[in-house]
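Okay, here's what each chain looks like letter by letter:
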Amino acid sequence: MSSLRVRIGVLGIVLLAGALAPGPAQAATAPVPSPTVEEQRLDQAVPQEILRRSGFDDVTPAFVRALENARSYPQARRIVVREGTALWRRAVDRAQGRGPARGDLSRDDDRPLYWARLGMTREVRTWGPGFGVSDRQRAALLDVLERTSRGQTDIRYPGKGVRRILVTGFDPFTLDRDIRISNPSGASALALDGTVIETSEGPARVETAVFPVRWDDFAAGMVERTLRPYLPKVDLFTTVSQGRVGRFDVERTNGAWRGGYPDNENLGSTGTVPVGDPASQPQWTTTTLPYAAIVAAGTGRFPVYDHTEVTEIPAGGTDPVVRADGPTAGSTARAGGGGNYLSNEIAYRATLLRDRLGLHDTLPGGHVHTPVLQFGAGNTTEVTDPEFVRNRVDIIDQVRAIVTVAADASFRR
């Protein structure tokens, strides 16, 4: 019996040592990354106030609780898809007056979605589950969270009898200059998603998505990945972003050049817009929106311009030249009508995709710049004020009117 006890004791020690030793899954677990520059802004007072005053301060805690219940990577992915989709739908519902407002910020505000998403991405980025996740798995979770919470996977059109319109917006940006910033293009996307507008040729359903202000996401093909399945099926599209003070612009020409201005991660990128098959890449693409009809229509209190200016290096030249009436033959792009930041780039990518799909002559599409969304005079600290709300609501209403005019003019052809 004593010999048996010794053998059992030795076996117990061996088993205990094996239990304490790191298993293969643990050894393969990648180090947990730090939050990004964009995510680190979340701890400042203004984002926390926006979340609290919109009721979206419960998003991240609920997401954390859901993630804690994950016992495997596939289960975690299902949770991320569910919660990312729910965030997008909650933001759309709030913007369109469905359900409780849950706070005193106006419903047209796009900022709760932006800051709540960053809370969720930060949790995924810094999450260290017991079952372990590899770099590739974490990146996949972040990718699906970005796409679902931006409406990029939620584009749904009805069957026959209803025209189809696709509109995109952007996140807030230049947040180190003023962390209170809202982006009226993102607010317009939330207000228009899933709505039906009446045109002279019948009803048209609008579906929307929002994009990040980050060079790397565009270089990775997010725009093409989102739009490619739908451009052959829609009747009109427009990308929308915030542009100049006090005016709308329909951008006539888009250029294949990145100007390097820092994005939301404080990263710059300068050079030719990186796309697939660069050997066939044009320097310029053009709008096929009915710009003359849009400019002539009374769509709201802000004037609307057919903006034709570009910056080019003329054929055989070396120095950039500003051209008021568009590019000259054989020139190299240095700025489209919408500049050389991500506004120009989404317009360039979307219209280049249209052309590569053989839709240039049949699909109206292009880019619209909204006015800069301004706070009321003297407001340098408060996250909102009546003039700020009025300006955003008026811009949203005018985006809707511009889309309606574009649809009317295009569908009558």
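K.L.:
Explain the sheet that holds strand 13 (residues 332–335) here, please?
P.N.:
Hydrogen bonds between backbone groups are what pair the strands of a sheet, and the pairing can be parallel or antiparallel. Strands sit in the order 12-11-13 across an open sheet of three strands; the sheet is antiparallel. Every interior strand has two partners, whereas the edge strands, strand 12 (321–323) and strand 13, have only one. In this sheet, neighbouring strand axes are inclined to one another by 40 degrees on average, regardless of whether the strands run parallel or antiparallel. Pairing geometry for strand 11 (residues 310–313) and strand 12, over three bridges, is antiparallel. Residue pairing in the sheet places Glu312 in a bridge with Val321 of strand 12.

K.L.:
Quick question: what am I supposed to make of the sheet that holds strand 14 (residues 365–370) here?
P.N.:
In space, the seven strands of this open sheet follow the order 2-3-1-4-14-5-10, with mixed pairing throughout. Two strands lie at the open edges of the sheet, namely strand 2 (196–199) and strand 10 (304–307), each paired on one side alone. Each neighbouring strand pair of the sheet contributes to a mean axis angle of 25 degrees, computed without reference to strand direction. Relative to strand 4 (residues 236–242), strand 1 (residues 163–170) runs parallel, the two being bridged by four bridges. Each bridged residue has a counterpart across the sheet, and for Leu166 the counterpart in strand 4 is Phe237. Packed onto the sheet, helix 14 (residues 386–411) meets strand 1, strand 2, strand 3 (202–211), strand 4, strand 5 (248–251), strand 10 and strand 14 and runs at close to 45 degrees relative to strand 2.

K.L.:
What is the right way to read the side chain of Arg258 from this model?
P.N.:
Among the structural elements, Arg258 can be located in strand 7 (residues 257–259). Side-chain polar atoms of Arg258 contact the side chain of Ser269, separated by 2.8 Å.

K.L.:
Is there a simple way to explain the pairing of strand 5 in this structure?
P.N.:
Residues Phe248 and Val250 point to one face of strand 5 and Asp249 and Glu251 to the other, with burial holding for every one of them. Note that strand 5 and strand 10 share four bridges and pair parallel. Opposite Glu251, over in strand 10, you have His307 as the bridge partner. Here strand 5 pairs with strand 14 via three bridges, running antiparallel. The residue of strand 14 that forms the bridge with Asp249 is His369.

K.L.:
Is there a simple way to explain the packing of aromatic side chains in this structure?
P.N.:
For any two aromatic rings, the description comes down to two numbers: the centre-to-centre distance and the angle of the planes. According to the stated counting rule, one finds nine aromatic pairs in the structure shown. Between Trp215 and Tyr341 the ring centres are 5.5 Å apart and the planes differ by 80 degrees, which places this aromatic pair in the edge-to-face class. With a gap of 126 residues between them, Trp215 in helix 10 (residues 215–219) and Tyr341 in the loop between strand 13 and helix 13 (342–356) connect regions that are remote in the sequence. Members of the aromatic cluster, connected to one another through ring pairs, are Phe173, Trp215, Tyr261 and Tyr341. The aromatic ring of Phe411 is capped on one face by Arg163, whose charged end is 4.5 Å from the ring centroid. In this structure, Arg247 is placed above the aromatic ring of Tyr305, and the distance from its NZ or CZ to the ring centre is 4.1 Å.

K.L.:
Help me understand the confidence of the model for the protein chain in this model?
P.N.:
Residues shown with low pLDDT carry predicted positions that ought not to be read at fine detail. The predicted model of the protein chain averages 93 in pLDDT, with 93% of residues at 70 or higher. Here residues 1–27 is modelled with pLDDT under 50, and outside its nearest four sequence neighbours on either side it reaches two contacts, counting other chains as well.

K.L.:
Explain helix 7 (residues 111–125) here, please?
P.N.:
Note that an α-helix has 3.6 residues per turn; residues three or four places apart therefore point the same way. With 15 residues, helix 7 extends 21 Å between its outermost C-alpha atoms, agreeing within 8% with the 21 Å of an ideal straight helix rising 1.5 Å per residue. Buried residues dominate helix 7, accounting for 14 of its 15 residues.

What counts, and at which threshold
Residues numbered from 1 in each chain as written. Predicted model: local features only at pLDDT ≥ 70, side-chain atom pairs only at ≥ 80, totals over all residues. Heavy atoms only, no water. Pairing = 2+ DSSP bridges. Helix = DSSP H or I, 4+ residues; strand = E, 2+ residues; numbered from the N terminus. Axes fitted to C-alpha atoms, helices over the stretch in contact; angles between N-to-C directions. Contact = heavy atoms within 4.5 Å. Polar contact = N/O pair within 3.5 Å; in protein donor to acceptor, adjacent residues only side chain to side chain. Buried < 20%, exposed > 50% of the residue type's maximum accessible area, 1.4 Å probe, protein only. Phe/Tyr/Trp six-rings, centres within 6.5 Å; stacked < 30°, edge-to-face > 60°. Lys NZ or Arg CZ within 6 Å of the ring centre and 35° of its normal. pLDDT = per-residue confidence, 0-100. Expected span 1.5 Å × (residues − 1).

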